[in-house]
Amino acid sequence: MTVHIIKLSVGCESLEHLAEFQSARLRHQKAAGAGSRLFHATRMVPKRQEEVLDGGSIYWVIRGVIQARQRVVGFEDGTRADGTTCCLIMLHRDLVPVRPTPRRPFQGWRYLKPEDAPEDFGKAGDDVARMPAEMRRNLADLGLL
């Protein structure tokens, strides 16, 4: 059974900001000769890895609203700059906009059941995905998205 992960994107102001941050990280890795692997480092190792790898994604909460997802493609052991160990949640490069869904703050990450995950914007939602981030957030706050 598939399960997703939900995570706050701390410091990001919008979906576009998250995309810019991830692109910059990939460019920096490539320039440093470290390849280009997109991942999120976390202290806690997910115990339900098999379920996440069975089609699961990480859903990004940006400024109190779930705004996008990325498919999880693997898990690896990692080491932070300070020498502590961590888990690397390996991510597909595509950021998929989802129907904006308000979410209260929480610490760390949580599992998200597929039936609780917001739907992707389909072809009909492409115009919404291209809206400025603040407009999407305001419309979501009003319950119009």
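Residues numbered from 1 in each chain as written. Predicted model: local features only at pLDDT ≥ 70, side-chain atom pairs only at ≥ 80, totals over all residues. Heavy atoms only, no water.

A.B. asks: When you look at the overall build of the protein in this model, what are you seeing that I'm missing?
C.D. replies: Scanning the protein from N- to C-terminus turns up four helices and seven strands. Along its sequence from the N terminus, the protein presents helices and strands in the succession β-α-β-α-β-β-β-β-β-α-α. By the compact-globule yardstick of 15 Å for 145 residues, the protein fits well, its C-alpha radius of gyration being 15 Å. Each principal axis of the C-alpha atoms in the protein carries an extent, and together these give about 45 × 35 × 25 Å. Classification of the 145 residues of the protein by burial places 42% in the buried group. Contacts in the protein between residues at least 24 apart in sequence constitute 66% of all its contacts with a sequence separation of at least 6. On the protein, roughly 8600 Å² of surface is accessible, and the fraction owed to carbon and sulfur atoms is 51%. With 22 positive and 18 negative side-chain charges, the protein shows a spacing of 4 Å between the two charge centroids. (Helix = DSSP H or I, 4+ residues; strand = E, 2+ residues; numbered from the N terminus. Rg over C-alpha atoms; globule rule 2.2 N^0.38 Å. Buried < 20%, exposed > 50% of the residue type's maximum accessible area, 1.4 Å probe, protein only. Contact = heavy atoms within 4.5 Å. Areas by Shrake-Rupley, 256 points an atom, 1.4 Å probe, with all protein chains shown as cover. Lys, Arg positive; Asp, Glu negative; His and termini not counted. Charge placed at Lys NZ, Arg CZ, Asp CG, Glu CD.)

A.B. asks: Can you walk me through helix α1 (residues 15–31) in this structure?
C.D. replies: Count 3.6 residues to each turn of an α-helix, and residues three or four apart come out pointing the same way. Look at α1: 24 Å from first C-alpha to last across 17 residues, which is about the 24 Å you get at 1.5 Å a residue. Along α1, the positions that sit buried rather than exposed are Leu 15, Leu 18, Gln 22, Leu 26 and Gln 29. Angularly, the buried residues of α1 cover 70° about the axis, an arc narrow enough to put them on a single face. Turned more than 90 degrees away from the buried face of α1 sit Glu 20, Arg 27, His 28 and Ala 31, all of them exposed. Looking one or two residues past α1, Gly 33 carries a phi angle of roughly 75°, positive in sign. (Expected span 1.5 Å × (residues − 1). Arc of directions from axis to C-beta.)

Geometry only, nothing functional implied.
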